[in-house]
Structures are given as structure tokens and as C-alpha cells.
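Structural characterization, general
Below are the chains, spelled out letter by letter.
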Amino acid sequence: MDMSHKPLREVVYEQLKMQILEGKITPGTRMMEVSLAEELGVSRTPVREAIRKLAKDGLVIIEPRKGAYAAEISAKDINDTLIVRENLEALASSIAAKVVTSDEIEELERMIDDYEVAVNEGNIDVMIEKDANFHRHIIKYSGNKTLMSLYEKVQELTLRFRYLYYEKPSRYTSMPDEHRTIIKALKSGDADMAYMAANYHVAHLKNSIREEVGENDDSEGDANRIGAPARVK
């Protein structure tokens, strides 16, 4: 990250934010100003400011006399995020079906091919990248700037529990077929078909993760809080 164009506090904020989103700082981890400052090679002040900003984002919890912790994730958090993603992607696909070009379709097909190579190689990082790019490009092809802006926020939130997608091979090996169904609908130019194909894809993922972590509501407290990947059973 280029520090020359941003205030130090923003650089630190973005670095810590990505560590939380990517699971390098796992849910429940104590956010120690001194150790984080040493790790990033900065003073405690920008770290303190970054932690306060992350708390406003909901990524950090600050408790009086206890300190700051990376926020945990509940099954309800996951479900809420995927409900929004489901509807955004379905809407974008329905719009894109009317305007997508043959070159853009070919680009999506290449992404699926790259994803399958990653599956064969067992490279989960590349699978995550190719899957995210596939959906991000459909959003872009819709040409709707508001959708693009909203989707980037949802993608950030999704990063926090992306490892759940890859707990079982049956989930990620089925994705190419579902992606091809979306492409087929886009090729048809049928907005309703594209909406349903994209909606099904995320709904299937949502239901699969729900089976893994269980339902949750506000009354259940910590019963279904999700911590580091290793703690998900």
C-alpha cells in the first residue's frame, strides 16, 4: 500500500481492516495497541484511531476496562449479509442480461475455466479470487453504479466468513455449473431467467452455510457465534 498518498491513520486503518476481513486477525482477538503498532512499524496513535474507526464499522468491539476485540460473527450476521447479496446479484444479473456483450460473456467463461483449474489444484485462495471476480464483473456489466457501490460493501462483509464456503468440497466443486447456468441465462437475454439463476446460486450457498452453522437470532446470545475457522465444526 502506498503511504505517500494517504494519511498514516488511513493506511493503518485499511491494513487492520483487511487483516480482520481476511481472517488474519480472527474474531475475538484482542486488539493490543502496542503489539499492533510494533507490527505495523508505527506509533500507537494511528493504531488507536484506526481501532475507533473499525469499531464504527462494526468490525471491532470496544468494552470499557476490557479493551478492544475483533468482532465475532454470528450465523445471523452471515444470513443477513447473504440475503442482501442474493438480491443484489439477482438484480444485477437481470439488468446485465439486457446489455451484456459477447466479449463480456467470453470473459466470464474464462473466469469459470480458471476457477476449475484452481479446484483441480486445490488452490482455495485462487478459487475465492475467481469466484469474487465472476460476480463483481456481472455487477459491472449491469452498468448500475449504485449497485456497484453497494456490492463492494457486501463483498467486504462476505470476506469475513468466506472460509465457510470451502469447508466441504461439494460446495466449491458445484459452483462452476451454477455459474454456467447464470451465463446461459445472460446469453438468453431473458431478465427473469437471469434473476432466478443468480438468486438460486446465492440461495443455495446461504442454505448450505445455514446447515453448517445453524440458525441464530438475537435471543440466542453467543450460542452461534463464529470465531476462527478452526473452531467451526
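Here, every reference points to the structure presented above.
Read on for an overview of the structure. What you see is a predicted model, and the numbers here were worked out from it, not measured in a lab.

Turning next to the packing of helix α6 (residues 124–142) against helix α7 (residues 145–159). Their axes nearest at 9 Å, the elements α6 and α7 cross at an angle of 160°. As judged from the angle between their axes, α6 and α7 are roughly antiparallel. The interaxial crossing formed by α6 with α7 has right-handed handedness. Across the interface between the two elements, A132, H135, R136, I139, K140 and S142 from α6 touch L147, M148, Y151, E152 and Q155 from α7. In terms of residue class, the contact of α6 with α7 is made up of five nonpolar, three polar and three charged.

This part covers the packing of helix α1 (residues 8–21) against helix α3 (residues 44–57). The N-to-C vectors of α1 and α3 enclose an angle of 55°; their axes lie 8 Å apart at closest approach. Considering the angle they form, α1 stands oblique to α3. Between α1 and α3 the crossing geometry is right-handed. Taken together, the residues of α3 that come into contact with α1 (itself represented by L8, R9, E10, V12, Y13, L16, K17 and I20) are P46, V47, E49, A50, K53, L54 and D57.

Time to look at α3. Here α3 spans 20 Å end to end across 14 residues, near enough to the 20 Å set by a 1.5 Å rise per residue. By the burial criterion, the buried members of α3 are P46, V47, A50, I51 and L54. Taken end-on, α3 shows its buried residues confined to a sector of 140°, consistent with a single buried face. The outward face of α3, more than 90 degrees from its buried face, is lined by the exposed residues R52 and K56. Looking at the packing, one finds that the buried side of α3 touches α1, α2 (33–40), β1 (60–63) and β2 (67–70). Taken from the residues just after α3, G58 is the one with a positive phi, measuring 85°.

Here the focus is the environment of V60. Secondary-structure assignment places V60 in strand β1. The sequence separation of V60 and M31 amounts to 29 residues, and the corresponding C-alpha distance is 8.3 Å.

Calculation criteria
- Residues numbered from 1 in each chain as written.
- Predicted model: local features only at pLDDT ≥ 70, side-chain atom pairs only at ≥ 80, totals over all residues.
- Heavy atoms only, no water.
- Axes fitted to C-alpha atoms, helices over the stretch in contact; angles between N-to-C directions.
- Helix = DSSP H or I, 4+ residues; strand = E, 2+ residues; numbered from the N terminus.
- Parallel < 35°, antiparallel > 145°, perpendicular 65-115°, else oblique.
- Left-handed = near helix turned anticlockwise from the far one by under 90°.
- Contact = heavy atoms within 4.5 Å.
- Nonpolar A, V, L, I, M, F, W, Y, C, P; charged D, E, K, R; others polar.
- Expected span 1.5 Å × (residues − 1).
- Buried < 20%, exposed > 50% of the residue type's maximum accessible area, 1.4 Å probe, protein only.
- Arc of directions from axis to C-beta.

No statement about biological role is implied by the geometric values presented.
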